[in-house]
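Each chain, written out:
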Amino acid sequence: MPINDRVTEVEGIEPTEFQKFGLSKKKLLQMLETLVRIRRFEDKVEELHIVRGLLIGAAHLYLGEEAIATGVVSDLEPEDVILSSHRGHGHAIAKGIPTDLIMAELFGKATGVCKGLGGSMHVGIYMKKGGLYASAIVGSQIPIAVGAGLALKYKKQDNIVVCFFGDGAVNTGAFHEALNMASVLKAPVVFVCENNQYAISMKASRSVGARSIAERAAFAYDMPTFVADGNNVLAVYKATLKAVENAREKKEPAFIECRTYRMKGHSVHDMLKYRSPEEAEAWKKRDPIIMFRSKLLSAGIATKNEIMAIEKEIDGEIERAVDFAMKSPTLPFEELEKYVYAGGGKT
Amino acid sequence: MRELTYAEALREALREEMLKDPAVFLIGEDIGLYGGINKVTFGLLEEFGPERVIDTPISETAIAGVGIGAALMGLRPVAEIMYVDFLPLCSEQILNHMAKAYFMSGGQLRLPLTIRTQYSLGRAYGPQHSQFIPSWFMNIPGILLALPSTPYDAKGLLKSAIRAEDPTVFIECRDLYFKIKGPVPEEEYTIPFGKADIKRVGTDVTVIAISRIVHEALAAANELEKKKISVEVVDPRTLNPLDKKTIIDSVKKTGHAVVASDDTKTGGVCAEILSVINEKGFSHLDAPIKRVAAPDMPVPSSRELEKLYVPNKDDIIKAITDIL
């Protein structure tokens, strides 16, 4: 049901419609694989931080939000580019950036996606896979995404830009300036708001002075806007199809609000005293991976054995990633100077 | 040789680079229909069209961000921020993204973006339209910083900035746009960053000056010549990279140094250049180094008071005679 003519609530996809939406068994299992890969990667990162003490620094886990990156990226061409946020491990994995390179980046190693110079909040930067940028400053990637979109349009390429950010970002000045700019200059960008309901401890319901984030985008910046259940990978996929079509065909921006829940704290050491265990429990029942797995099983798309084989393979991949990261060298300090100026400080 | 104004020289640089490379485009407030508030981009909309000369809303963060995003995708944007005073509105983009993308991506990302802006000291525009804060950007590794003082330098440096593989903050000076005319060759040339220019050769004292105050230093040198004092004026032209060698070589020759800049004294450009001389040329100094800078207060709006505020030729003469 459309809330109004600008905001469309997008439902999931039933098995009878899988074919219509281009969802082959292969594609659906790829989605499951990505979901599981993100989940197992993030579980491992949490363990490496809290249990084993092998990682320090920031780690903003994507647990509970896996369906968003997975659903969105499933609609993209490999040459489409994404911009990511501080909570970006999931975006990077969904875009196909190898988990061993991401893990090595978390360990600060020279073999990491950014040679260990970026760290956890920049693992989405890997141009070989269309990872254009990742900002550790909330909201700041949004204007950069508009510039990337305008560049693609200027170069008359059919590719588009997807920009991920959280509910906290929609209250930054950068968000407002960027959405307005995208609207007036017609940038082919799909803005994906991952509304996990919390900006550290600040609840979106207490911080967004609009009826909803979707309505803010639709009414203030006049762009086609879609709302999807962020825990339903197929709803996200369906919403993204429409938004991507708008960006690719009309060369104009579109907006998606995915409503989800951050299963864990803001970062790995968050005590979560600002929200109730009951709330978290209720959302746990809507675990995006369990829901999707049940759907595949009940629709007869995959068997338990097939799913277990995928999970086992990924567990092995993550173990190998940790091993690779731990055995990798760190960049020699003397080499850092080389990475300050591309032209060596000269022109 | 033909003479151009500082503004004309800048416009010629933009136009030539746009003709040469389709990746170059301009973005900013009132740069198209209006022609730029200082007419630097005058006529370029008509010549290159709205796809390459983009008028924007008043959104400095988005202007810088769009420049960064387009540069990451292989274009060479030239973004205009109307006044230096408005740079803080987009300084988050400059500090965290423009200056760090290359480093924090492990060398994957290139950012050939030029941000042009200008300071408007000396025009009775008041505390929020007259500031000069180059040291803010000198303190950020990862960006180039250019401040031309003549039409020749303006054109050559802007062309280099646009072609550079690194991002540049390019600070022009409103007072120079139309007042200063100078020789600019018709044939193609560029000026490398990190290469100071000795604007006047002398033997008794070195004045290191940037942007507008170079002209005050030259006027001071002319006047002191009558008193048989020979002043060498060194214009670094770019503060990042800074041509330390030319500065030190000059100080070795003269044994005396005065550093002059229009920014406020504390923590300013002069302090950094003074430190460089102290570290690398102390043993060659015959006297302490003097600074000529603006007083540590906001710029007053009153025409009369601003005149007293702006560092000038007489301040430079006094500093020189104090140490000789």
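Counting from 1, residues in each chain are numbered in the order their sequence is written. Whichever chain is written first is A, and whichever ligand is written first is 1; the rest continue in order. Reporting of local features is limited, given that this is a predicted model, to residues whose pLDDT is at least 70; pairs of side-chain atoms are given and counted only at 80 or more, and all residues count toward the totals for whole chains, interfaces and linings.

K.L.:
Give me the overall build of chain B: which residues, what numbers.
P.N.:
Secondary structure counts use DSSP, requiring at least four H or I residues in a row for a helix and at least two E residues in a row for a strand, with both numbered from the N terminus. Looking only at helices and strands, chain B has 13 helices and 14 strands in total. The globule rule used here is 2.2 Å times the number of residues to the 0.38 power, and the radius of gyration it is set against is calculated over C-alpha atoms. What you see for chain B is a C-alpha radius of gyration of 19 Å, in line with the 20 Å of a compact globule of 324 residues. Seen along its three principal axes, the alpha-carbon backbone of chain B occupies a region of about 55 × 45 × 40 Å. When each of the 324 residues of chain B is scored for burial, the buried share is 58%. Residue pairs are scored as contacts if the distance between their C-beta atoms, which are placed from the backbone, is within 7 Å. Taking the contacts inside chain B whose residues are at least 6 apart along the sequence as the reference set, 79% of them involve residues at least 24 apart. Buried means a residue has 20 or more other C-beta atoms within 10 Å of its own C-beta, exposed means 12 or fewer, and partly exposed covers the counts in between; C-beta atoms are placed from the backbone.

K.L.:
How would you sum up the overall build of chain A? Please name residues and give values.
P.N.:
For chain A, the helix and strand inventory stands at twelve helices and nine strands. Counting only C-alpha atoms and orienting by the principal axes, one finds that chain A spans roughly 60 × 55 × 40 Å. For chain A, long-range pairs separated by at least 24 residues make up 76% of all intrachain contacts whose partners lie at least 6 apart in sequence.

K.L.:
Kindly report on the environment of Ile198 of chain B, identifying the contributing residues and their values.
P.N.:
Residues and elements named next belong to chain B. With respect to the element layout, Ile198 can be found in strand E9 (residues 197–200). Sequence separation of Ile198 and Ile247 is 49 residues, and the distance between their C-alpha atoms is 9.2 Å. Once you skip the residues sitting within four places of it in the chain, Ile198 turns out to touch Glu232 and Val234.

K.L.:
Just give me the short version of the sheet that holds strand E3 (residues 131–134) of chain A, but keep the residues and values in it.
P.N.:
All names here are of chain A. Taking strand neighbours across the sheet as the criterion, the seven strands line up as E1-E8-E9-E5-E4-E2-E3 in an open arrangement whose pairing is parallel. Looking at strand neighbours, the two that pair on one side only are strand E1 (7–10) and E3, the edges of this open sheet. Recorded for the sheet is a direction-independent mean angle of 20 degrees between the axes of neighbouring strands. Strand pairing is assigned whenever DSSP detects at least two bridges linking the two strands. With six bridges joining them, strand E5 (residues 189–195) and strand E9 (residues 254–259) adopt parallel strand pairing. Bridging across to E9, Val192 finds its partner in Ile256. Interaxial angles span 0 to 180 degrees and are taken between N-to-C directions of axes, which are lines fitted to C-alpha atoms, for helices over the stretch in contact.

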